[in-house]
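What follows is the residue order along each chain.
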2 protein chains.
Amino acid sequence: MAVGTSASRTDTTARLAELRKLMALNNVDVYIVPSEDAHQSEYIAPVDARREFISGFTGSAGCAVVTSSKASLSTDGRYFLQAEQELDSNWELLKQGLPDVPTWQEWALREAEGGKNVGVDASLISAAQAKVLLEKLKSRKGGELIGMDSNLVDMVWSADQPLKPLDPLIVLGMEFAGKSFEEKLVDIRKEIEKQKGSGLVVSMLDEIAWLFNLRGNDIPFNPVFFSYAFVSPTEAILYVDENKITDEVRKHLGELVIIKPYNAIFEDLKTFNMSTATEESKILVTSSASWALTKSLSENKFTTIKAPIEAAKAVKNETEVTGMKNAHIRDGVAQIQYFAWLEKALSKGDFYDEVSAADQLEEFRKAKEHFVGLSFPTISSAGSNGAIIHYQPEKNTCARVEKDKIYLCDSGAQFFDGTTDSTRTLHYGTPTPEEIKSYTLVLKGHIAVATAVFPKGSSGFILDILARQYLWREGLDYRHGTGHGVGSFLNVHEGPIGIGTRMQYNEIALDVGMFISNEPGYYEDGQYGIRIENVVLVVEKKTPNNFGDKKYYGFDTVTMVPMCKRLTDPLLLDDDEKKWLNEYHSTVYANTKDYLKDDDYTLEWLKRECGPI
Amino acid sequence: MAVGTSASRTDTTARLAELRKLMALNNVDVYIVPSEDAHQSEYIAPVDARREFISGFTGSAGCAVVTSSKASLSTDGRYFLQAEQELDSNWELLKQGLPDVPTWQEWALREAEGGKNVGVDASLISAAQAKVLLEKLKSRKGGELIGMDSNLVDMVWSADQPLKPLDPLIVLGMEFAGKSFEEKLVDIRKEIEKQKGSGLVVSMLDEIAWLFNLRGNDIPFNPVFFSYAFVSPTEAILYVDENKITDEVRKHLGELVIIKPYNAIFEDLKTFNMSTATEESKILVTSSASWALTKSLSENKFTTIKAPIEAAKAVKNETEVTGMKNAHIRDGVAQIQYFAWLEKALSKGDFYDEVSAADQLEEFRKAKEHFVGLSFPTISSAGSNGAIIHYQPEKNTCARVEKDKIYLCDSGAQFFDGTTDSTRTLHYGTPTPEEIKSYTLVLKGHIAVATAVFPKGSSGFILDILARQYLWREGLDYRHGTGHGVGSFLNVHEGPIGIGTRMQYNEIALDVGMFISNEPGYYEDGQYGIRIENVVLVVEKKTPNNFGDKKYYGFDTVTMVPMCKRLTDPLLLDDDEKKWLNEYHSTVYANTKDYLKDDDYTLEWLKRECGPI
């Protein structure tokens, strides 16, 4: 799942006119407005929603490019429908992945032909992306790529731009983190030594939060805080606004970590570049480092490595694994309460729209131990809204949840002991044969991933076809990945692993202790959406043989919410699939029933939903 | 399948001593002996079997590296057992793909540390590989990479080295080729223009044979001939020994193609490099071009592109598709006759060893229309020999084919209208429950590939897991790819497509008209081998829907030989799998029965084997 919002159109004419004036003043012909913040965050704080402000498109992924006369917005399949609904006529939509549709880079390069200058806020584009653009601009006889210190959209936005968040940080205790930041620093320093680096620049917010066992509140739904970090064999520096540092945080970090102002890293890097870093012992940066960061370093003094903290963070320790499992059980109980409650409400004919229903789900979650907040805005979608993959209902205008329409609910929460994310697609009335068939095909793909066994060293890339194979046989498919890594009380989308067709997913093996979502879907535009999402844990599987002494891995499902039997056609399931479904439901029942001792109605509902197929 | 030979050990001590003397004289510390010829052929003529001569290892893939005191031979999982049996104690075996085993490049680089020189025959290594080695040598402080014009192993081999083949070429008529070489030249010139090249160097032998509709007899089992070609917008030059050119060939090529001596390309490229090629309009080479070829060109005058002829050749035209289908039917009939005959022979207690049995199969094939020869040495293997993946039996020493042992037969032929390749694993007695289970797991994987449906644009890389999934569940696997492209009266292994874990297979989509093998297996060392191989054709599938207007593709199986029901456990097959098997057997019967009208015994056998499960 991901972030998105309403489907109303913003008139961007005046904003674009102002931006174009500023572009002309700055000698910029083509201006790039990425959706990311200075940390290449997927989800951003309101202050950073520049691409949304200038284009009107509210989806979580996409890039805007503006010229003196044109404007393009590129986004992926999850958002085609939403973008069509939100963009006004100033904008051309570039549907990524469809044949003959240019990427935003290709579009920008074409517009820059004939020596035109391309401008971008250097902090909002990764150094790697800037390098590619620079080279292509050169080879295609475009003008300069100007990496700007100021942001032109901010100037247009001006007084209306939201403020930078300033909430204090919190310390994540060992009972949740499982490993002290001192131990993590030891490991990271070993990695820096192995890579022969003089130090590591950390710019991803979830990596910094994980490394120091700190959490923040700067980005909605993501417990991270604006910061940079620099770790060398002798020093650890956290660059963060001092206003966010409480006495507890200061005590936690002790003498080992130096705290400096957020923006001080740029000057520090310049100094370090001149003093300590050498061609033999370079500064290590990761592929997410912004161009603004690497511009502070000379080309021969830094090198880009695979993010060691991202890789370490993806493998959860024992405490985190236990926490994630427990969080998913409590979260499952909340969803069970919600879906049981919703059935009763609908059968009574009560009026609930997508938002008020989701509010009730949040109430059930709030009552659970260790609850912090939602991990993303709940995608509570009735009928055709379910086909907008990252739909987010708006109060007052959203649709009514109805007994005889498919209801898709993708939701999750942040608990101190783990982050949850799951999707259930339900029908409380009589679904059509087509809806049942589609749901069952998605379920078969879901089960194929859940039960997959693969040799150690396999990536999530190779598993993707398992989820899609039954849909493909019918000439059906879905335009999103099958799985994403999940953080532990961190971002609900976490790198580097994933199940899907992105080549990067083939570069890292699934390892024991990693959590990943399993979420195939099917979307019938204008009618309904289906998605079945569980979080699964990578575990070693006991196979009868162990060919090649490889070890064989598979998944344990940790999400604990019943599937929708009313939407399942048992005739389309084979014996193994039925067995999995029945065993899953037994496990869900066993793990959640004690939480419902005092709630006879919900317990009865659960018992019914978890009965054998 | 692929080429291999006997499992006897050669004493390489004297050869290595001589080679080391020559290395010292030439100031070479580390000498690389690739298994390829000057055209990066996978299968080679006896004159080019340098790696086999120096190491004693006869497998089709592998690389030898020799230093003053050490010698290593690296090969892949198909050949581990065979290499262990063939290498003498002078050699260290580098088992590629196992953890912590260096590649031959890594091994050579380690040996070159401290400024030692690495030598290689520049014609036997691709320019791309040489470049990587050059750069790594530099970064790891090794000595020079010396690209030699002469070959040190040839000097050791001396008078015993086989002669260069000189058989005349033949013209492939339009009834088999389906497209004239004139039309192919028009297409290639369009591609050269598109890539803004001044000309294209063609060095792969099957590409040249395909382009000019010529076939030769220079490499056993591969109907190709030693040659280079150069195509520019105005010229087409075929570099080939004039002794191979008959009047018919000369007439066929007419005025459009200039014939020059085989080695004249090197001087021509130097001239062209100085006269016609420019930095704007470079000479195009492909990744298989040898270092010797690119050394004739300046760095800024050539560019490496994806082989356009390889890509065009992979998609068979209508005539070729029909020819391939017909060739596979006739080839299937030969195999049906053979397997029926073998059953009778074994039940009578007749003595047949692996070679004499295979000879009988060849007799059946020879009698078929358009037969030219085998497409690779038949892998006729009884019992434990089947576990040597590319086993090749030797007269006199090979094993007896027995009624109560698994018999694996991987074979194929060259016909004027197509190339065949298939494997059947049979048991004429009572197989063990373990053998039945293994066979059925392999069969399930085979069926999963055969029935796969995937959107246009999908690669063979993503299909590999379908073939392995059932084995993996049991902790089993096989150490070879699942499929390779197949030529049309050309090489039985043909690029660029494949089903397997090699990343290159993910770079090209499967397209309608391509032929590929589907050959999962399982090998129990010292006991038995199982492989089930059919050739399949990529076709468009009529799906009930066409989501995203993508078109959905799948396979039609063209190999026409029954599976082994005696080795199949119907309880392990689901309904869809049984349905596929029964339909396949009906098709085999319908397509082959008319060829067996006068052979009641074989027809009865076929009827029995093709009956429903």
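Nothing here was measured: the structure is a model prediction, and the numbers come from that model.

Turning our eyes to something else, we now look at the interface of chain A and chain B. Taken together, the contact pairs 32 residues of chain A with 32 residues of chain B. Summed over both sides, the interface between chain A and chain B buries roughly 2,600 Å², with carbon and sulfur atoms accounting for 62% of that surface. On inspection of chain A and its partner chain B, the count reaches 2 salt bridges. Note that Lys550(B) and Asp477(A) form a salt bridge whose closest N and O atoms lie 2.7 Å from each other. Linking chain A with chain B are 8 residue pairs in polar contact (both at pLDDT 80 or more).

Attention now goes to the relation of the copies chain A and chain B. Expressed as a screw operation, the relation of chain A to chain B combines 0.0 Å of axial shift with a rotation of 180°, fitting to an RMSD of 0.1 Å. Given the turn and translation reported, the copies of this chain are related as if by a two-fold rotation axis. Taking the C-alpha atom as reference, chain A places Ile462(A) closest to the rotation axis, 3.0 Å from it. Interface overlap between copies is the fraction of interface residues in one copy that are interface residues in the other; for chain A against chain B it reaches 100%, indicating a shared surface.

Before going further, it helps to examine the pattern of salt bridges. Residues and elements named next belong to chain B. Inspection of the entire model under this criterion finds 68 salt bridges over all chains. Residue Glu519 is joined to Arg531 by a salt bridge in which the shortest nitrogen-to-oxygen separation is 3.7 Å. Placement of the pair is Glu519 in the loop between strand S24 (515–518) and strand S25 (521–524) and Arg531 in strand S26 (residues 528–531), with a sequence separation of 12 residues. The two residues Glu519 and Arg531 agree in class, both being buried. One salt bridge connects Lys607 with Glu604, and the closest N-O pair in it is separated by 3.8 Å. With Lys607 and Glu604 both in helix H19 (residues 600–609) and 3 residues apart, the pair spans about one turn of that helix.

Before going further, it helps to examine the packing of aromatic side chains. All names here are of chain A. What the rule picks out here adds up to 35 aromatic pairs over all chains. Pairing Phe53 with Trp157 gives two aromatic rings, centres 4.7 Å apart and planes at 20°, and the pair type is stacked. Of this pair, Phe53 sits in helix H2 (residues 50–55) while Trp157 sits in helix H6 (residues 152–157), and the two are 104 residues apart along the sequence. Connected via pairs of aromatic rings, a cluster forms that spans Tyr338, Phe339, Trp341, Tyr352 and Tyr407. Note that Lys184 overlies the ring of Trp210, its terminal NZ or CZ placed 4.1 Å from the centroid.

Quick look at unusual backbone geometry now. With an omega of -5°, the peptide bond between Gly495(A) and Pro496(A) qualifies as cis. Here Pro496(A) is to be found in strand S23 (residues 494–499). Notably, His370(B) is not glycine yet its phi reads approximately 65°, a positive angle. Tracing the backbone through its elements, the reader meets His370(B) in the loop between helix H15 (354–366) and strand S15 (371–374).

Let us now look at the packing of helix H18 (residues 575–592) of chain A against helix H19 (residues 600–609) of chain A. Residues and elements named next belong to chain A. One can describe the packing of H18 onto H19 by two numbers: an axis separation of 9 Å at closest approach and a directional angle of 160°. Classified by the interaxial angle, the pair formed by H18 and H19 is roughly antiparallel. Where H18 crosses over H19, the handedness of that crossing is left-handed. Side by side, H18 and H19 meet where His585, Val588, Tyr589 and Thr592 of the first sit next to Leu603, Leu606, Lys607 and Glu609 of the second. In the contact of H18 with H19, the residues fall into 4 nonpolar, 2 polar and 2 charged.

Take the sheet that holds strand S19 (residues 418–419) of chain A next. All names here are of chain A. Taken in spatial order, the 3 strands make up an open sheet running S15-S18-S19, and their pairing is antiparallel. Each end of this open sheet is capped by a strand with a single partner; those strands are strand S15 (371–374) and S19. As paired strands, strand S18 (residues 413–415) and S19 are joined by 2 bridges and run antiparallel to one another. Note on S19: the bridge partner recorded for Gln414 is Thr419.

Tracing the backbone through its elements, the reader meets Gln335(B) in helix H14 (residues 318–347). On a C-alpha basis, the gap between Gln335(B) and Phe225(B) in space is 29 Å, while along the polypeptide they are 110 residues apart.

All names here are of chain B. Taken in spatial order, the 3 strands line up as S16-S17-S20 in an open sheet, and their pairing is antiparallel. Both outer strands of the open sheet, strand S16 (379–382) and strand S20 (422–426), are each paired with one neighbouring strand and no more. Across the sheet, the mean angle from the axis of one strand to that of its neighbour is 5°, orientation sign disregarded. The pairing of S16 with strand S17 (residues 407–411) spans 4 bridges and is antiparallel. If you follow Ile379 over to S17, its bridge partner there is Asp410.

The next point concerns empty space enclosed by the protein. The probe, sized like a water molecule, is rolled over the atoms to show the empty space still left. If you walk through the whole model with that rule in mind, you get 1 cavity of 30 Å³ or more. What the largest cavity holds in volume is close to 40 Å³. In terms of lining, the largest cavity is formed by Ile465(A), Gln469(A), Trp472(A), Arg473(A), Ala452(B), Val453(B), Leu463(B) and Leu466(B). Per-element accounting of the lining of the largest cavity gives the leading share, 4 residues, to helix H17 (residues 464–473) of chain A.

This part takes up the environment of Ser72(B). Residue and element names in this part refer to chain B. Within the secondary structure, Ser72 is located in strand S3 (residues 71–75). Overall, Ser72 belongs to the buried group, its relative accessible area being 0%. Each residue touching Ser72, except ones within four places of it in the same chain, is listed here: Cys63, Ala64, Val65, Trp91, Glu92, Leu94 and Trp107.

Ranked by internal contacts, the top residues of the largest apolar core, which has 169 residues, are Tyr338(A), Leu463(A), Phe555(A), Tyr338(B) and Leu463(B). Apart from the residues within four sequence positions on either side, Leu463(B) is in contact with Ile465(A), Val449(B), Ala452(B), Phe454(B), Ile499(B), Leu510(B) and Phe555(B). One finds Ala112(A), Ala209(A), Phe226(A) and Val492(A) within the second-largest nonpolar core, a separate group that totals 76 residues.

A contiguous patch of negative charge on the surface is contributed by Asp575(A), Asp576(A), Asp575(B) and Asp576(B). Among the secondary structure elements, those contributing two or more residues to the negative patch are H18 of chain A together with helix H18 (575–592) of chain B. Looking at the secondary structure, you find Asp575(B) in helix H18.

Here the focus is the confidence of the model for chain A. Residues and elements named next belong to chain A. Mean pLDDT for chain A: 95, with 99% of residues reaching 70 or above. A low-confidence stretch, residues 1–6 stays under pLDDT 50, and its non-local contacts, those more than four residues away or across chains, total 40 contacts. Interface confidence for the predicted complex, given as ipTM, is 0.90, next to a pTM of 0.92.

Turning our attention to the domain arrangement of chain A. Interfaces are often described in size by the accessible area the parts lose on coming together. All names here are of chain A. Looking at chain A, the domain boundaries give domain 1 (13–160), domain 2 (170–314) and domain 3 (318–609). A straight line from the C-alpha centre of domain 1 to that of domain 3 covers 34 Å. With 10 residues of domain 1 at the interface, the matching set in domain 3 holds 9 residues. Taking both partners together, domain 1 and domain 3 bury about 860 Å²; carbon and sulfur atoms supply 61% of that area. On the domain 1 side of the interface with domain 3, the three residues burying the most area are Tyr43, Arg78 and Leu81, jointly 56% of the side's total. At the boundary of domain 1 and domain 3, one finds 0 salt bridges. Summed over the shared surface of domain 1 and domain 3, the result is 2 residue pairs in polar contact (both at pLDDT 80 or more). Broken down by class, the residue content of the side of domain 1 that touches domain 3 amounts to 5 nonpolar, 3 polar and 2 charged.

Moving on: helix H17 (residues 464–473) of chain B. Summarising burial for H17(B): 9 of the 10 residues are buried, a large majority. Gly475(B) sits one or two residues past H17(B) and shows a positive phi near 75°.

This next bit is on the state of the cysteines. In a disulfide, the sulfur atoms of two cysteines are held together by a covalent bond. Throughout the structure, instances matching the rule amount to 0 disulfides over all chains. Left unpaired, Cys610(B) is separated from the closest cysteine sulfur, that of Cys564(B), by 12 Å.

Mapped onto the secondary structure, Thr378(B) falls in the loop between S15 and S16. Those residues in contact with Thr378(B) that lie beyond four places of it in its chain are Ala358(B), Leu361(B), Gln392(B), Pro393(B), Cys409(B), Asp410(B) and Ser411(B).

Residue and element names in this part refer to chain B. Of all 7 residues in strand S27 (residues 534–540), 6 are buried, a share of seventy percent or more. Where S24 and S27 come together, 4 bridges link them in antiparallel fashion. In the sheet register, Phe515 faces S27, and the bridge partner there is Leu537. Judged from the 5 bridges that link them, S27 and strand S28 (residues 552–557) form a sheet pairing that is antiparallel. For Val536, the partnering residue across the bridge sits in S28 and is Thr557.

Conventions we followed
- Residues numbered from 1 in each chain as written.
- Chains lettered and ligands numbered in written order.
- Predicted model: local features only at pLDDT ≥ 70, side-chain atom pairs only at ≥ 80, totals over all residues.
- Heavy atoms only, no water.
- Contact = heavy atoms within 4.5 Å.
- Buried area = accessible area lost by both parts, 1.4 Å probe.
- Salt bridge = Lys/Arg side-chain N within 4 Å of Asp/Glu carboxyl O.
- Polar contact = N/O pair within 3.5 Å; in protein donor to acceptor, adjacent residues only side chain to side chain.
- Least-squares fit on C-alpha atoms with pLDDT ≥ 70 in both.
- Helix = DSSP H or I, 4+ residues; strand = E, 2+ residues; numbered from the N terminus.
- Buried < 20%, exposed > 50% of the residue type's maximum accessible area, 1.4 Å probe, protein only.
- Phe/Tyr/Trp six-rings, centres within 6.5 Å; stacked < 30°, edge-to-face > 60°.
- Lys NZ or Arg CZ within 6 Å of the ring centre and 35° of its normal.
- Axes fitted to C-alpha atoms, helices over the stretch in contact; angles between N-to-C directions.
- Parallel < 35°, antiparallel > 145°, perpendicular 65-115°, else oblique.
- Left-handed = near helix turned anticlockwise from the far one by under 90°.
- Nonpolar A, V, L, I, M, F, W, Y, C, P; charged D, E, K, R; others polar.
- Pairing = 2+ DSSP bridges.
- 1 Å grid on protein atoms, 1.4 Å probe; cavity = no way out; pocket = protein on both sides within 12 Å on 5 of 7 lines; lining within 4 Å.
- Points joined across faces, edges and corners; volume = space filled by probe spheres on them.
- Core = buried A, V, L, I, M, F, W, Y, C linked by side-chain atoms within 4.5 Å.
- Patch = residues over 30% accessible without salt bridge, like charges linked within 9 Å, V, L, I, M, F, W, Y side chains within 5 Å.
- Areas by Shrake-Rupley, 256 points an atom, 1.4 Å probe, with all protein chains shown as cover.
- Lys, Arg positive; Asp, Glu negative; His and termini not counted.
- Charge placed at Lys NZ, Arg CZ, Asp CG, Glu CD.
- pLDDT = per-residue confidence, 0-100.
- Domains from an automatic or database assignment.
- Disulfide = S-S within 2.5 Å.

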